[in-house]
Amino acid sequence: MRPPIPGLRPSLLDNVCWQCTRRVLRQSAPRTTTRPRLSLSAPSTTAATARRLFSQPSLPRASASAVASASTSIPASFPRKQFSAGYFLSNSLLTRANGTRDALPAPNSLGRPPTTSVEQHTGATSAAPVSAAAAAAEAVDILPHRRRQAARQNAANLEPTITSSAGPTTTLPTDSTASLPPDASSILAGVAARHPARSFRRHLSALLSLSKPRLTVLVVLSAMVPYALYPVPAFLSPSALDAPSLSPLTLLFLTTGTTLCSAAANALNMLYELDTDSKMSRTRARPLVRKLLTTRAAVLFAVGCGLAGTAALFLGVNPTVAFLGALNIALYAGVYTPLKRVSAANTWVGAVVGGIPPLMGWAAAAGESAVADGTWRELLFAADGSSAGGWLFAAVLFAWQFPHFMPLSWGIRDEYKAAGLRMLAWTNPARNGRVALRYSLVYVPLCAALCAAGITEWSFAATSLPVNLWLAREAVRFWRLEGLAGSARSLFWASVWHLPVVMVLALAQKKGMWARVWRSVAGQPLEEEDGDEDGEWEDDDGPAVAPPVGRGKDL
């Protein structure tokens, strides 16, 4: 064996013999008059075995006569496991001798330290007595990076093999639920469980977990972006404070009402899926499954949030937005959730639910600048086509649900199947990939349509092209590999980044925004059309009258 030299890799210092230990002890301690003698269990070894075990130049070499006598007296079939169990000792003895830090050897595929040389050479794992230092070394926890390496090794050992008709067998790694982000409701439920039973923090965390906070934040943001992108020519002008669609009070009611409606829908969803949540790894830690809240408390929370959210939208925004908020609760909790047990078409119903919040934001802005009675026909189906932007944003959110949810459901398809929830990921895996690919390809024309509708500048079509192509590329890979080789995980994270990037690019390139910013900074007056500097029309036979309040460029 190689003598222990500080600075070498830990794998080279697994176990050493008594001779090497004695050498280190002699270097760090005074020389003793007596020497420990150590004998082999067999009288001698063959020349090949001696060269194999003691090939380092620092060890004493056997004389030629001893090797010759051993080769004549020992048959060629002498077994290799020829040392006694006590011949080797752990490196922990050397730590006390020379002050070097003991390092654990690399773990095996099961995340445990490898077997010692005693086990490898003698085949006996329990016959030999283990020293106290060796037992202490084995008790040390495995380092985190060693555990990660062991986990990757275990995943590699479980890789499935698929045989292609055009080539040899290919090994593809599988995705697992470990690659998916943890459920926010489960995280908050864990936080609530760490507080005392009747504490305020426990109840607050449990109620927040009922609302699915990550999903609720996404819903609110998808309503705010169309509200901000609604074309208001008075933006950044001297009368900006009078521009109704920029009213902070209206925006406050919109965000508050949308948040409460989303929380109500999610709480009702958890109440209905209590039995199925307990069967799935990502949802079995939710508050109702862990009995952190009673069913009565969850029902009161859901009903209270639904009524308060609808009332906030009705009183603070307009009846059309309030109707859309109540409709979203009914579709999510009353149609989408029960349909998951019946048909895989539930995904399309869930996509409709995801497309309604952008319509709510657009209708809220349109209601502030409506010139007629402000009914749902004017806000959502305007004759001049000004409501097209709201429907385009609804289409963006509708299409995004598929490249986001399809890879997410593929990673836990077996759990969906065991829970009795019908998803394309296990009912029709081939169609699952095709659907994700189909809807990821519509973003290039949708972004161009937003430019053509006058919502954004034409530069938005160019700047959003790279992220749209990235999503389409990952969708093609997910479809071709059927979710294997990490394609499901890649598409999922691509969809997570895709939507906020597209929304931010649209906000940064709103139609005419930077031109108005430049005129405001440079002090250039706005161009006046059909009027003088005071914004009044002169009548030949009567006094001056103010221009009519209109929409678009007539504001």
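Note that this is a predicted model, so its numbers are computed, not measured.

A.B. asks: Got a minute to help me understand the environment of Arg 438 in this structure?
C.D. replies: For Arg 438, the location among the structural elements is in helix 20 (residues 429-440). Taking the C-alpha atoms as reference, Arg 438 lies 8.9 Å from Ala 472; in sequence the two are 34 residues apart.

A.B. asks: I tried to follow the packing of aromatic side chains on my own but got confused; where do I start?
C.D. replies: Here the distance between the centres and the angle between the planes together describe a pair of aromatic rings. By the definition in use, this model includes ten aromatic pairs. Judged by centre distance (5.4 Å) and plane angle (40°), the ring pair of Phe 381 and Trp 391 falls under tilted. Of this pair, Phe 381 sits in the loop between helix 16 (376-380) and helix 17 (388-411) while Trp 391 sits in helix 17; the two residues are ten residues apart in sequence, bridging distant segments of the chain. A relative accessible area of 49% places Phe 381 in the partly exposed class. Here a set of aromatic residues connected by ring pairs shows up, and it is made of Trp 348, Phe 398, Phe 402 and Tyr 439. The ring of Trp 410 has Arg 413 sitting right over it, with the charged end atom 3.7 Å from the ring centre.

A.B. asks: What is the right way to look at the UniProt feature "transmembrane region" (unreviewed entry) in the protein in this model?
C.D. replies: If you check UniProt for "transmembrane region" (unreviewed entry), the listed places come out as residues 204-229, 249-272, 293-315, 321-339, 346-367, 441-461 and 490-508 in our numbering. The span residues 204-229 is 92% helical and 0% strand by assignment, and the distance between its end C-alpha atoms comes to 34 Å. Between the C-alpha atoms that bound residues 293-315 the distance is 31 Å, and the span itself is 91% helix and 0% strand.

A.B. asks: Is there a simple way to think about the pattern of salt bridges in this case?
C.D. replies: Where charged atoms of side chains with opposite charge meet at close range, the side chains can pair. Counted by the stated rule, this structure contains five salt bridges. For Arg 473, the salt bridge identified is with Glu 474, shortest N-O distance 2.8 Å. For Glu 474, a relative accessible area of 6% translates into the label buried.

Scoring rules and cut-offs
Residues numbered from 1 in each chain as written. Predicted model: local features only at pLDDT ≥ 70, side-chain atom pairs only at ≥ 80, totals over all residues. Heavy atoms only, no water. Helix = DSSP H or I, 4+ residues; strand = E, 2+ residues; numbered from the N terminus. Phe/Tyr/Trp six-rings, centres within 6.5 Å; stacked < 30°, edge-to-face > 60°. Buried < 20%, exposed > 50% of the residue type's maximum accessible area, 1.4 Å probe, protein only. Lys NZ or Arg CZ within 6 Å of the ring centre and 35° of its normal. UniProt positions renumbered as here; feature names shortened; annotations may be inferred. Salt bridge = Lys/Arg side-chain N within 4 Å of Asp/Glu carboxyl O.

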